[in-house]
Amino acid sequence: MVTLQMKNGEERLYPAGTTFMQVAEDISSKLAQNAVAVVFNEKLTDLNAEIPGDGALEILTFEDERAQDVYRHTSSHILAQAVQKLWPGTKLAVGPAIDKGFYYDFDSEHKFTPEDFNKLEKEMKKIIQKNYPILRREISQAEAIELFTQRGEDYKLEFIEDLPEDTVISIYEQGDFIDLCAGPHLPSTSRIKAIKLMSLAGAYWRGDERNKMLQRVYGTSFPSKELLDDYLYKLEEAKKRDHRKLGRQLDLFVVLDEGPGFPFFLPKGMIIRNQLEKFWREEHEKAGYQEIRTPIILNRSLWERSGHWDHYKENMYFTSIDEQDFAIKPMNCPGTILVYRQNLHSYREFPLRIGEMGLVHRHELSGVLHGLMRVRAFTQDDAHIFMLPDQIIDEIKNVFAMVDLFYGIFDFSYHIELSTRPEKCMGSDEMWDMATDSLRQALEEKGVDYKVNEGDGAFYGPKIDFHLKDSLDRTWQCGTIQLDFSMPEIFDLTYIGEDGNRHRPVMIHRVIFGSIERFIGILTEHFAGAFPLWLAPVQVRIMPITERNHFYAEEIRQYLKDLNIRVDVDNRSEKIGYKIREGQMLKIPYMLVLGDNETENRNLSVRKRRDGDVGAQSLEDFVQLLQHEIKNKVIF
RNA sequence: GCCGAGCUAGCUCAAUGGUAGAGCAGCUGAUUUGUAAUCAGCAGGUUGCGGGUUCAAGUCCUGUGCUCGGCUCCA
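Residues numbered from 1 in each chain as written. Chains lettered and ligands numbered in written order. Predicted model: local features only at pLDDT ≥ 70, side-chain atom pairs only at ≥ 80, totals over all residues. Heavy atoms only, no water.

Draft legend 1. Seen up close, the overall build of chain A. Per the secondary structure count, chain A includes 20 helices and 33 strands. Along the first, second and third principal axes, the C-alpha atoms of chain A reach 80 × 75 × 55 Å. When the 636 residues of chain A are sorted by exposure, 52% land in the buried category. For chain A, long-range pairs separated by at least 24 residues make up 69% of all intrachain contacts whose partners lie at least 6 apart in sequence. Carbon and sulfur atoms make up 48% of the accessible area of chain A, which amounts to about 30,500 Å² in all. Averaging the positions of the 80 positive and the 103 negative side-chain charges in chain A gives two centres separated by 6 Å. (Helix = DSSP H or I, 4+ residues; strand = E, 2+ residues; numbered from the N terminus. Buried < 20%, exposed > 50% of the residue type's maximum accessible area, 1.4 Å probe, protein only. Contact = heavy atoms within 4.5 Å. Areas by Shrake-Rupley, 256 points an atom, 1.4 Å probe, with all protein chains shown as cover. Lys, Arg positive; Asp, Glu negative; His and termini not counted. Charge placed at Lys NZ, Arg CZ, Asp CG, Glu CD.)

Draft legend 2. Inspection of the protein's contact with RNA strand B at higher detail. Near RNA strand B lie 58 residues; those nearest to it are Asp257, Arg374, Gln477, Arg581 and Glu598. Backbone sugar and phosphate groups make up 50% of those atoms of RNA strand B lying within 4 Å of the protein. The separation between a base oxygen of RNA strand B and a polar side-chain atom of Arg374 is 2.3 Å. Between a base oxygen of RNA strand B and a main-chain N or O atom of Asp596, the distance comes to 2.7 Å. Tallying contributions element by element places helix H18 (residues 576–585) first for the surface near RNA strand B, with six residues. (Near = heavy atom within 4 Å. Polar contact = N/O pair within 3.5 Å; in protein donor to acceptor, adjacent residues only side chain to side chain.)

Draft legend 3. Quick look at the sheet that holds strand E29 (residues 540–544). Sheet architecture is open: five strands sit in the order E30-E29-E31-E32-E33, paired in mixed fashion. The sheet terminates laterally at strand E30 (567–569) and strand E33 (612–617), the two strands that pair on one side only. Mean inter-strand twist for the sheet, computed between neighbouring axes without regard to direction, equals 25 degrees. The pairing of strand E31 (residues 590–594) with strand E32 (residues 604–608) spans four bridges and is classified as antiparallel. (Pairing = 2+ DSSP bridges. Axes fitted to C-alpha atoms, helices over the stretch in contact; angles between N-to-C directions.)

Draft legend 4. Region of the structure containing helix H5 (residues 141–150). Here H5 has its buried residues at Gln141, Ala144, Leu147 and Phe148. Axial view of H5: buried residues confined to an arc of 125 degrees, hence all on one face. Every exposed residue of H5 that faces more than 90 degrees away from the buried side is listed here: Ala142, Glu146 and Gln150. Each element contacted by the buried residues of H5 is listed here: strand E9 (135–139), helix H6 (154–162), strand E10 (169–174) and strand E11 (177–180). (Arc of directions from axis to C-beta.)

Draft legend 5. Structural context of a nonpolar patch on the surface. The grouping of Ile296, Ile297, Ile321 and Leu359 at the surface amounts to a nonpolar patch, some 270 Å² of accessible area in total. For Ile297, the position within the fold is in strand E17 (residues 297–299). Owing to a relative accessible area of 34%, Ile297 belongs among the partly exposed residues under this scheme. (Patch = residues over 30% accessible without salt bridge, like charges linked within 9 Å, V, L, I, M, F, W, Y side chains within 5 Å. Salt bridge = Lys/Arg side-chain N within 4 Å of Asp/Glu carboxyl O.)

Draft legend 6. How the structure looks around the packing of aromatic side chains. In this structure the tally under the stated criterion is 31 aromatic pairs. Between Phe410 and Phe519, the ring centres sit 5.4 Å apart and the planes meet at 70 degrees, which makes this aromatic pair edge-to-face. Of this pair, Phe410 sits in the loop between helix H13 (392–409) and strand E22 (415–419) while Phe519 sits in helix H16 (residues 516–526), placing them 109 residues apart in sequence. Phe519 shares its class with Phe410; the two are buried. (Phe/Tyr/Trp six-rings, centres within 6.5 Å; stacked < 30°, edge-to-face > 60°.)

Draft legend 7. View of the pairing of E33. Across four bridges, E32 lies against E33 in antiparallel orientation. Residue pairing in the sheet places Arg607 in a bridge with Asp613 of E33. Between E32 and E33, which follow one another and run antiparallel, lie three residues.

Draft legend 8. Region of the structure containing the domain arrangement of chain A. Looking at chain A, the domain boundaries give domain 1 (2–61), domain 2 (66–237), domain 3 (276–293 + 330–526) and domain 4 (540–631). Taken over C-alpha atoms, the centre of domain 1 sits 63 Å from the centre of domain 4. (Domains from an automatic or database assignment.)

Draft legend 9. Fine view of unusual backbone geometry. A cis amide bond links Gly183 with the next residue in sequence, Pro184, at an omega value of -5 degrees. Looking at where Pro184 falls in the secondary structure, it is placed in the loop between E11 and strand E12 (194–204). In this chain, Phe350 is followed by Pro351 through a cis amide linkage whose omega measures -5 degrees. The topology assignment puts Pro351 in the loop between helix H12 (333–340) and strand E20 (352–361). One non-glycine residue, Glu42, adopts positive backbone phi at about 70 degrees. Inspection of the secondary structure assignment puts Glu42 in the loop between strand E3 (35–40) and strand E4 (43–45). For Glu42, a relative accessible area of 81% corresponds to the exposed category. The residue Arg602 is not glycine, and still its phi comes out positive at about 50 degrees. With respect to the element layout, Arg602 can be found in the loop between helix H19 (596–601) and E32.

Draft legend 10. A look at the nonpolar core. Counting 55 residues, the largest nonpolar core has Leu276, Tyr407, Phe410 and Ile464 as its most contacted members. In terms of residue count, H13 provides more of this core than any other element does, nine residues in total. Among residues more than four places away in sequence, those in contact with Ile464 are Ile396, Phe400, Ile416, Glu417, Leu418, Leu439, Leu443, Gly479, Thr480 and Ile481. (Core = buried A, V, L, I, M, F, W, Y, C linked by side-chain atoms within 4.5 Å.)

Draft legend 11. Region of the structure containing the sheet that holds E3. Here we have five strands laid out as an open sheet, ordered E2-E1-E5-E3-E4, and mixed in their pairing. The sheet is open, and its two edges are formed by strand E2 (11–14) and E4, each paired on a single side. The mean inter-strand angle of the sheet, taken between neighbouring strand axes irrespective of direction, is 35 degrees. Inspection of the sheet shows E3 paired to E4 by three bridges, in the antiparallel sense. In the sheet register, Phe40 faces E4, and the bridge partner there is Lys43. Contacting strand E1 (2–6), E2, E3, E4 and strand E5 (55–61), helix H1 (residues 20–27) crosses the sheet at an angle of about 75 degrees to E5.

Spelled out as structure tokens, the structure:
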């Protein structure tokens, strides 16, 4: 007999050889139906597995994220089985579960098109109906090599050969389909209740662009059609928040064929942008930053010295002036460094914080451009901080605090990544270790979770990145803190220390918004175009009922305008419903309906974007409400 | 850059290889309206761009630009 310690504290006894599935059945038939996998002694395991001994058991249903991965992973196997049935000879690469779905990469003579989806889905349903049991087998490396050689699975062989010898290799079988796979998996194929293929894409084998491009099929699956439909509906809703769509609908910004990757900001978009910059300047002044502006075009020799010429050339644009080579700046740091060198600096000035809203140009590959999120010209809310080595940790924490303040205002949640030394870089090992350790220490002291991206740092130093999500949960890097010992060295930057001698300062490069363009893209999707009052391009729209009320409307407009409220009047000869509909679609925060009643009583009928008609108010009360909301940057 | 799919009026979309159309927006007029669309009329196009096949091309072929979804890369 084995003893199982259940999640709820209960102990259960079973004869040796009992499977986890049987345990689930023993507890309740409903649980057995919904179970996806188990966690036995903290290890995710197949339901089909036999209890190996005493231990702690948790039975997972689809609600658990770990179970969702198992569910989608099995789905990807079903896809692969269907593909190999319909197009024999297709080679399997990888087929993992991903957030909200799965994919499988294939190497096939057949070129997949969306028209194949129907056929494939039908085949997958057949496999599901057949209810093949999914069996795990552990085999030796030699057996694995023989098996996959025989099946012509070159990519699987490459995996096997990379594994250390005498690793136990697991394979999963369902019907005539076999895949090299660590598992775990569902007990049988009929557990998949609703499955749908979503899209096709190319993907390099092992994510390396020097390798062959495989065909990737994306899909998703759920334990019921209702859950799938619900997911698809939410996806459609999320697409309505796409900043490219909203940017056009709300006349905020556009990207045109004439300027691929070079966005146009329209008058309403500029209001948002200017408000953000105003806020930025206020907060940076409070935090002890100075502001400068450096040229967009600078001489080649500067970029050679900074290392950009060697390390960043493929991302840069060039031009020539009077037969001399110039580069369009891809970063602001060299310009700031030239400013630093205009004076002799004392340690007493440190930390010296110099900000710049710098417009940079970078040549990005055409395939990566994406609305405002990924462009070829963008404005960084940059700042460079020059300081003493022992000021590093505190200063990084200061920047952290500012990131929290800025993102908190918009109710953004973010995740942090630490990027370490890349292959193509400059500076010594000691420099990099010191810089990376400082960043790590600041993160540890701050007590936040972070992910490490080995080899993803800037060429001059490691960095901490802050990532925000768009409407489809794709993440975009916004804020970043980069620690740099290299540039001060290269440009021979110095300060006069307490001892009267010259010393080398340390430098932080940092942005909070990241790029104003990207940040506005994220903001637009986050608020679905319904910007908080302080950012809204039109804050109040006045809607007179008839021409009789135009005079009063104009009086109110002028009053609000004098208080710097962004207000306009819709005095077209349309019915009030028409005007309101348009105001709602433009997501204007406040609408004032002014008819004979209001004119007579000298008050306002207020309509809020989210709440609809909230009744009559005095002008004074309304103004107070607006000013409070603007001042406190209230979000709903 | 690579793989795949697209590109038709300002916007969203129709149109077996056979006369390019609708809704919204715009303009003109009527209407003076009480919380998400008043009515009528007018105008709007080298179907991304270039070449080819055909009696005939928005539609088929080809080159190219851009967009979208991924991959790689990145703020």
